[in-house]
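Close look at the chain arrangement
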Amino acid sequence: MATTVTLDALTQRIVKNLWPGKFPLVATTTSAGTDVSLVIAAAAYSSSSVNAYDGVSVYCPSVTTGIKTSRVTRGGFTVASGTFTMSPAYGSIPGSAASAYFLYGLHANELLEAANEVLRTLILPRYLVLSLVNDANMEDVAADAATDWPDETGTPTQTKETTIVLTGKQSLKLVIANSDDSVRSLSVPVTEGEQLNLSTPIKVTAGSLRVQLYDVTNSAEIDGSTVDEEAWTEVRFQAAVPNNCQNVQVRYIAKTASTTAYVDYCGLTGDSDIYALPDAVYDAAFVEDVLYLPAGFTSEAEQSYAAFSEALQPWPYYSALRDYAGVNSHRIQVLRPWYPLFVKFHDSEAILAQNAGDTNTTAAPEELLVEGALSDLCMRLSERSNSNSAKADYARRSLRHAKRYHSLLESIGLGRPRARLVSARRVAVA
């Protein structure tokens, strides 16, 4: 499972790096308080000044509506109790035992903006299967599960799964109560006599599931295989399109009652050399390689193999086709496939957005985000400082964090790839 970092955890690291020695930085409220006051008993200090925190922004992730960042009023610190008077009012009462982040000279939105500036330019390596099937990699949003993979028979429950996954970000989870109930792909137009190649890994945790290539025009199965393995098992076969067949579908059919199964991807290719790239490929220039997957060692059922038990190998491909004004703007040209093919590419990571609990996550490496954001924020503080020494100190820190950020980028091979020409190549295929 991919390592992720939450916005809340990211904020803590950034705050502690920006103002070392300041107190408090990340504090915990000790009573419910109100929407205009925070009680932090640990901050109480009888020798402090009531003006010690004038104008300091305090960000409370526990606030569920409206304003999450408020400021300490002039003379608003009660030294005996550690109570801070805030203005404007928070959108809701932060509550007891809630986190409060003290931001000396910055607003919480600026921390978010700095992290997102890094994410907008960070391109992460990925790989996904090539396929003629819509949502073949199961990466459309969860709400589209029943749209991309609708019921064919009965009323199965189909959802997107983010933890039990073989490749990519999601798999399709199927919970089917009755034998022979099923879900299907959207129809794929085909040509009679065309050779189709189907590859789909499934994991069955209860019951058994049949993978079926179906002739929609003639209402008949073309080929299929039934699997009951809990380990990821790839169903793989080739089949010719029957006479008078205009459309095919891939169907997943429960062969026992109370079936629970996961489908990782549905790789369906034909005789064409040109394929639309997966939706996750933002630009064909970001394609790094095309790889094929040899069949693994055979499993119990016919036409089934242990998934991902062989190493991916290079497959011949040619320069991509790009038409930015075209409806189909990014395609790739490959040697006609008879194995499942995977596109290795670079993909931009979605930006973070604040929500009720600030639990947004990103798959981007945490150290990169922290160092990149700190460089940006230190420069902002340098530009706002009235003290020449503070201005110079923040500028030096900004450069130091920028150096670390770029060093990390180089060491793990990230960053925006350059567009390049790809010539045809010959590869020996067993």
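Look a little higher up for the structure.
First, a word on scope: everything that follows refers to the structure included in this document. (Residues numbered from 1 in each chain as written. Predicted model: local features only at pLDDT ≥ 70, side-chain atom pairs only at ≥ 80, totals over all residues. Heavy atoms only, no water.)

**Notes on the overall build of the protein**
Cut-off, in case you're wondering: Under the scheme used here, helices are H or I runs from DSSP no shorter than 4 residues and strands are E runs no shorter than 2 residues, and both carry numbers assigned from the N terminus. Restricting the calculation to C-alpha atoms gives the radius of gyration, and the globule rule supplies 2.2 Å times the number of residues raised to the power 0.38. Each residue is placed in one exposure class: buried if its accessible area under a 1.4 Å probe, protein chains only, is under 20% of its type's maximum, exposed if it is over 50%, and partly exposed if it falls in between. By the convention used here, residues are in contact when the closest approach between their heavy atoms is within 4.5 Å. Positive: Lys, Arg. Negative: Asp, Glu. His and the chain ends are not part of the count. To locate a charge, take atom NZ for lysine, CZ for arginine, CG for aspartate or CD for glutamate.
When helices and strands are counted, the protein shows 5 helices and 28 strands. Relative to its length of 430 residues, the protein is extended, with a C-alpha radius of gyration of 28 Å against a globular reference of 22 Å. If one aligns the C-alpha atoms of the protein with their principal axes, the spans along those axes are about 90 × 50 × 40 Å. Relative to its full complement of 430 residues, the protein shows a buried share of 48%. Sequence-distant contacts, at least 24 apart, represent 75% of the contacts inside the protein between residues at least 6 apart. Distance between charge centres in the protein, computed from 34 positive and 46 negative side chains, equals 12 Å.

**Focus: the pairing of strand β22 (residues 287–292)**
As a reminder, the rule being used: Following DSSP output, two strands are said to pair if at least two bridges run between them.
The buried fraction of β22 is high, at 5 of 6 residues. Two elements, β22 and strand β27 (residues 341–348), share 5 bridges in a ladder whose sense is antiparallel. By the bridge assignment for β27, aspartate 289 is matched with lysine 344. Where β22 and strand β24 (residues 313–314) come together, 2 bridges link them in antiparallel fashion. Directly across from tyrosine 292, in β24, lies its bridge partner glutamine 313.

**Considering the packing of helix α2 (residues 108–121) against helix α4 (residues 366–384)**
In plain terms, the rule: Fitting a line to C-alpha atoms yields each axis, with helices limited to the stretch in contact; the angle taken between N-to-C directions then spans 0 to 180 degrees. Geometric relationships in this document are graded by angle, where less than 35 degrees denotes roughly parallel, more than 145 denotes roughly antiparallel, 65 to 115 denotes roughly perpendicular, and other angles denote oblique. With the far helix as reference, a near helix turned anticlockwise by less than a right angle produces a left-handed crossing, and one turned clockwise produces a right-handed crossing. Only Asp, Glu, Lys and Arg are considered charged in this grouping, and only Ala, Val, Leu, Ile, Met, Phe, Trp, Tyr, Cys and Pro are considered nonpolar; every other residue, Gly among them, is considered polar.
Two elements in contact, α2 and α4, have axes separated by 8 Å at closest approach and are oriented at 130°. As judged from the angle between their axes, α2 and α4 are oblique. The two elements α2 and α4 cross, and the hand of that crossing is right-handed. When α2 is examined against α4, the residues Glu110, Leu111, Glu113, Ala114, Ala115, Val118 and Leu119 are found in contact with a partner set consisting of Leu368, Leu369, Gly372, Ala373, Asp376, Leu377, Arg380 and Arg384. Tallied by class, the residues present in the contact of α2 with α4 amount to 9 nonpolar, 1 polar and 5 charged.

**Here we look at the sheet that holds strand β4 (residues 57–59)**
A sheet is described by the order of its strands in space; here 6 strands give the open sequence β2-β7-β4-β5-β6-β3, paired in antiparallel fashion. The strands lining the two open edges of the sheet, one partner per strand, are β2 (26–28) and β3 (37–39). Averaged over all pairs of adjacent strands, the angle between their axes in this sheet comes to 40°, without regard to strand direction. Examined bridge by bridge, β4 and strand β7 (residues 99–103) share 3 bridges and lie antiparallel to one another.

**Notes on the sheet that holds strand β21 (residues 274–276)**
Reading across the sheet, the 3 strands line up as β21-β26-β25 and stay open at both edges, with antiparallel pairing between neighbours. Edge positions in the sheet fall to β21 and β25 (321–322), since each of these pairs with one other strand and no more. As defined by bridge partners, β21 adjoins strand β26 (residues 330–333) across 3 bridges and the pair is classed as antiparallel. Across the sheet, the residue bridging to isoleucine 274 is glutamine 333, located in β26.

**Concerning the packing of aromatic side chains**
Centre distance and the angle of the planes are the two values used to describe a pair of aromatic rings. What counts here: Any two rings among Phe, Tyr and Trp, with Trp reduced to its six-membered ring, count as a pair given centres within 6.5 Å; such a pair is stacked if its planes are under 30 degrees apart, edge-to-face if over 60, and tilted if neither. For a ring to carry a charge above it, either NZ of a lysine or CZ of an arginine must fall within 6 Å of the ring centroid while also lying within 35 degrees of the normal to the ring plane.
Counted by the stated rule, this structure contains 17 aromatic pairs. Ring centres of phenylalanine 308 and phenylalanine 342 lie 5.7 Å apart, and the angle between their planes is 85°; this geometry places the pair in the edge-to-face category. With phenylalanine 308 in the loop between β23 (304–306) and β24 and phenylalanine 342 in strand β27, the pair connects residues that are 34 residues apart, well separated along the chain. The class of phenylalanine 308 is partly exposed, set by a relative accessible area of 27%. Using a relative accessible area of 1% as the deciding quantity, one classes phenylalanine 342 as buried. Through a chain of ring-to-ring contacts, the aromatic side chains of Tyr53, Phe77, Phe84 and Phe102 assemble into a single cluster. A cation over a ring is seen here: lysine 22 above tyrosine 104, with NZ or CZ 4.8 Å from the ring centre. When the ring centre of tyrosine 214 is taken as reference, the NZ or CZ atom of arginine 251 above it lies at 3.5 Å.

**Let's talk about the nonpolar core**
We count it as follows: By nonpolar core we mean a set of buried residues, namely Ala, Val, Leu, Ile, Met, Phe, Trp, Tyr and Cys, connected to one another through side-chain atoms within 4.5 Å.
Core analysis: the biggest nonpolar cluster contains 53 residues, and Leu18, Trp19, Val58, Phe84 and Phe102 have the highest contact counts within it. The set of elements that each furnish at least two residues to this core consists of α1 (7–18), β4, β5 (69–78), β6 (83–87), β7, α2, α4 and α5 (388–412). With 8 residues, α4 is the single largest residue contributor to this core. The contacts of valine 58, once residues within four sequence positions are left out, are Leu38, Lys68, Thr69, Ser70, Val72, Met86, Tyr90, Ala100, Tyr101 and Phe102. Membership of the second largest hydrophobic core comes to 32 residues, among which are Val227, Phe237, Tyr252 and Ala261.

**Quick look at the environment of asparagine 51**
Position of asparagine 51 relative to the elements: it lies in the loop between β3 and β4. Classification of asparagine 51 by relative accessible area gives partly exposed; the value is 39%. Along the sequence, asparagine 51 and threonine 361 sit 310 residues apart, while their C-alpha atoms lie 37 Å from each other. When near neighbours in sequence (up to four residues on either side) are disregarded, asparagine 51 contacts Arg74 and Gly75.

**Here's the deal with the environment of asparagine 178**
Structurally, asparagine 178 can be placed in the loop between β11 (171–176) and β12 (182–184). What makes asparagine 178 partly exposed here is its relative accessible area of 44%. As a C-alpha pair, asparagine 178 and alanine 97 span 81 residues in sequence and 48 Å in three-dimensional space. If sequence neighbours within four positions are ignored, asparagine 178 has contacts with Ala254, Thr256 and Ala257.

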